[in-house]
Amino acid sequence: MTKQSRIKRIFVWGAGGLALLLAAAVLFWRGDILRAMLDPEVPFQTYSPPPAPDYTQKSAWAIRDAVASRNEGAAVFFLHSTTFNGGAHWNGPVGDPASDAYLQRVVLPNYAGPFAAAGAVSAPLYRQGSLYTRLSLREDAREARAFAYRDAEAAFDTWIARNPQGPIVLAGVEQGADLMARILRDRVAVDASLKNRLVAAYLMDVLVPEGALHLPTCERREQTGCVVAWSMIEDGKEGVAGRRLRRALFWDDRGRLEEIGSAPVICVNPVSGHSDGELTEARRHLGATNATGLEWGLRPAFIDRQVAAQCRDGFLWHTRLKTESFKDRRNWADRRKATPYNLFYADTEADVLARLEQWKSHQATVLAQ
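Here we summarise the structure given alongside this text. Per chain, the residues get numbers from 1 upward, laid out in the order the sequence is written. Local features in a predicted model are, by the rule used here, given only for residues with pLDDT of at least 70; side-chain atom pairs are given and counted only at 80 or more, and totals for whole chains, interfaces and linings are based on all residues. Derived side-chain values reflect all non-hydrogen atoms in the structure, with water molecules and hydrogen atoms excluded from consideration.

Attention now goes to the side chain of Thr 339. Residue placement: Thr 339 occurs in the loop between strand 11 (315-318) and helix 9 (345-368). Buried, partly exposed and exposed residues are distinguished by accessible area as a fraction of the type maximum, computed with a 1.4 Å probe on protein chains only: under 20%, between the cut-offs, and over 50%, respectively. Since its relative accessible area comes to 17%, Thr 339 is described here as buried. A polar side-chain atom of Thr 339 sits 2.7 Å from a polar atom in the side chain of Tyr 111. A contact between two residues is defined here by any heavy atoms of the two lying within 4.5 Å. Every residue in contact with Thr 339, bar those within four places of it in the chain, is listed here: Tyr 111, Met 232 and Arg 330. Numbering goes from the N terminus for both helices and strands, where a helix is a DSSP run of H or I of at least four residues and a strand is a run of E of at least two. Polar contact criterion, stated in full: a pair of N or O atoms within 3.5 Å, where within protein one must be able to donate a hydrogen and the other to accept it, and residues adjacent in sequence count only if both atoms are side-chain atoms.

Spelled out as C-alpha cells, the structure:
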C-alpha cells in the first residue's frame, strides 16, 4: 500500500469516526437541542406579546355553546392544552394555523368531547404559554404562563356573563387545567353563587397540591361542587413521576408559579370517581378512545374493560393499552403535549353525568323545601 493510499484510508476512517461521534452526540443531546430551538431568546420583560383576543367575538372561541345530540342542560367551560410549540413567541398568537388545527383535530375531540353530553361546551382561544414554557423553570417561562392566565380569566368572565344561571362544569387539560385551577381558587372558591352552581371541575393531566384550591376534592361520585384531578402515568415508568414532580409548578397566593416540591397532590380516579387509592380493575373501565379527527358532537367508539387504574403517591397509575390506535408515533414536540387519545373518555363522561344528576336532584330538594 502506498503512502498516499494509507493517508486516504486514515482520512476516510477519521471522517467516519467523527460522523459517528457527531451522530451519537446529536442522539444523546437531541432533546436539549430541540428544546433550545424553541427558546424565544428574548427576556419576557422586553417581549411584545401577540394581540389580545376579544371574547365578545365568536372568532375568539374554538367552540362556543356547542351542543351535541345529548344535552343535559349544563354550561361547560373548557380550557385546552398546549398546542403552540414556540420559537419566536413566549405566548402563542390566537389564530395560529398549526396550533388551531392541532386543537380542532386532536384536543377538542379527545378531551372536550366527554363533556358534550352534559351540556353546551365553550372553549376559548387564548395566548397560551408555548411548549417551551412547560419545559423550563426559568422566570421568563413562568411569566409567560402567568400572562396566559389573563386571557383565561377574561374568557371566563365573558362566558359567565353569557351563562348567568344554571349548573356549570369547568374542565381543562394540561396547561388549560393549570389555568383552570387558578380560576377555581381565585374566582369560584370566593364566590358563593358560583360555588353553588358548580357541578364539578375536571383538571386532567396536571398536579394540584391538596387544599390549594379552597374547594373540596371529589371523594365519591355522589359528591358535587368538588374537584376531580389526576396526572396519569403508565405502570412501570416510575422515572416519569420524578421528572414530572421536579418541574411541577403551582400558583401561590400572589399569583406566582412556585415549585410544588414534596407537597401532597390531588388524585381522583376517573374510573371510580373516588380519591381513596382503590385499585379499579380493568373490568370496571368504561372506555378509552382515540377520537382524533372526529367531528364535534359525534360519540366515538370505545375500547372498554382494558385499563386498570389506581391513585398512588399523587399519580394515577394505569396499565398499558396495547391496541394499535394507541401507539405513540408522535414527533419530539408532540410527545410532550397531552396524549392524542383519552384512556378514560367514557369514564369521565359517566362521571360528569352522574354528578350533574346529583346536582339537579339536590336543587330540586332545595326548591321543594
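After that view of the structure, there is still more to cover.
Another point: the side chain of Asp 178. Inspection of the secondary structure assignment puts Asp 178 in helix 6 (residues 175-188). With relative accessibility at 2%, the residue Asp 178 sits in the buried group. Polar side-chain contacts of Asp 178 include one of 3.3 Å to the side chain of Arg 145.

On to the sheet that holds strand 11, then. The three strands lie next to each other as 7-11-10, forming an open sheet whose pairing is mixed. Among the strands making up the open sheet, the edge pair consists of strand 7 (232-234) and strand 10 (309-312). Taken over all neighbouring pairs, the strand axes of this sheet differ in orientation by 35° on average, direction set aside. Where strand 10 and strand 11 come together, four bridges link them in antiparallel fashion. Pairing of Cys 311 across the sheet is with Leu 316, part of strand 11. Where helices are involved, their axes are fitted lines through C-alpha atoms of the stretch in contact, as for all axes, and angles between N-to-C directions lie from 0 to 180°. Its contacts with the sheet put helix 8 (residues 238-246) on strand 7 and strand 11, and the angle it makes with strand 11 is roughly 160°. For two strands to be treated as a pair, DSSP must find at least two bridges joining them.

A few words on unusual backbone geometry. Located in the positive-phi region is His 214, a residue other than glycine, with phi close to 60°. Secondary-structure assignment places His 214 in the loop between strand 5 (198-204) and strand 6 (226-230). Notably, Arg 305 is not glycine yet its phi reads approximately 55°, a positive angle. Tracing the backbone through its elements, the reader meets Arg 305 in the loop between strand 9 (257-259) and strand 10. The exposure class assigned to Arg 305 is exposed, which follows from its relative accessible area of 51%.

All right, on to the state of the cysteines then. Disulfides are defined as cysteine sulfur pairs within 2.5 Å. Scanning the entire structure with this criterion turns up two disulfides. Covalent S-S linkage joins Cys 218 and Cys 226, the inter-sulfur distance amounting to 2.0 Å. Measuring handedness by torsion sign, the sulfur bridge of Cys 218 and Cys 226 sits at about 95° and is right-handed. Residue class for Cys 218 comes out buried when judged on its relative accessible area of 0%. In this model, Cys 267 is linked to Cys 311 through a disulfide, with the two sulfur atoms separated by 2.1 Å. Between Cys 267 and Cys 311, the disulfide has an S-S torsion of -75° and is therefore left-handed. Residue Cys 267 is found in the loop between strand 9 and strand 10, and its partner Cys 311 is found in strand 10; the two are separated by 44 residues along the sequence. Here the two residues Cys 267 and Cys 311 agree in accessibility, since each one is buried. In the chain, the bonded cysteines, taken in the order they occur along the sequence, pair up as 1-2, 3-4.

Let's shift gears to helix 3 (residues 97-112). Working rule for helices: expected span equals 1.5 Å times residues minus one. With 16 residues, helix 3 should cover 22 Å at 1.5 Å per step; its first-to-last C-alpha distance of 20 Å lies more than 12% under that length. A residue's bend is given by the angle between axes fitted to the 7 residues ending at it and the 7 residues starting at it. At Leu 103, helix 3 shows its maximal kink, close to 40°. Burial in helix 3 covers these residues: Ser 99, Tyr 102, Leu 103, Val 106, Val 107, Leu 108, Pro 109, Asn 110, Tyr 111 and Ala 112. Contacts made by the buried residues of helix 3 are with strand 1 (61-66), strand 2 (74-79), strand 3 (119-124), strand 4 (168-173), strand 5 and helix 9.

The mixed open sheet is built from six strands, whose spatial order is 1-3-2-4-5-6. The open sheet terminates on both sides in strands that have one partner only, identified here as strand 1 and strand 6. Taking the axes of each pair of neighbouring strands and ignoring which way they run, one obtains an average angle of 15° across the sheet. Sheet analysis places strand 2 next to strand 3, joined by four bridges and oriented parallel. What sits directly across from Phe 77, in strand 3, is Ser 122. Strands strand 1, strand 2, strand 3 and strand 4 of the sheet are contacted by helix 5 (residues 139-162), whose axis makes an angle of about 170° with strand 2. Along the sheet, helix 6 contacts strand 2, strand 4, strand 5 and strand 6; its crossing angle with strand 4, the most-contacted strand, is approximately 140°.

Time to look at the pairing of strand 5. Of all seven residues that make up strand 5, seven are buried, and the element is covered over most of its length. Relative to strand 5, strand 4 runs parallel, the two being bridged by six bridges. Note on strand 5: the bridge partner recorded for Gly 172 is Leu 203. Of the pairings in the sheet, the one linking strand 5 to strand 6 comprises five bridges and is parallel in character. Among the inter-strand pairings, Tyr 202 is bridged to a residue of strand 6, identified as Val 228.

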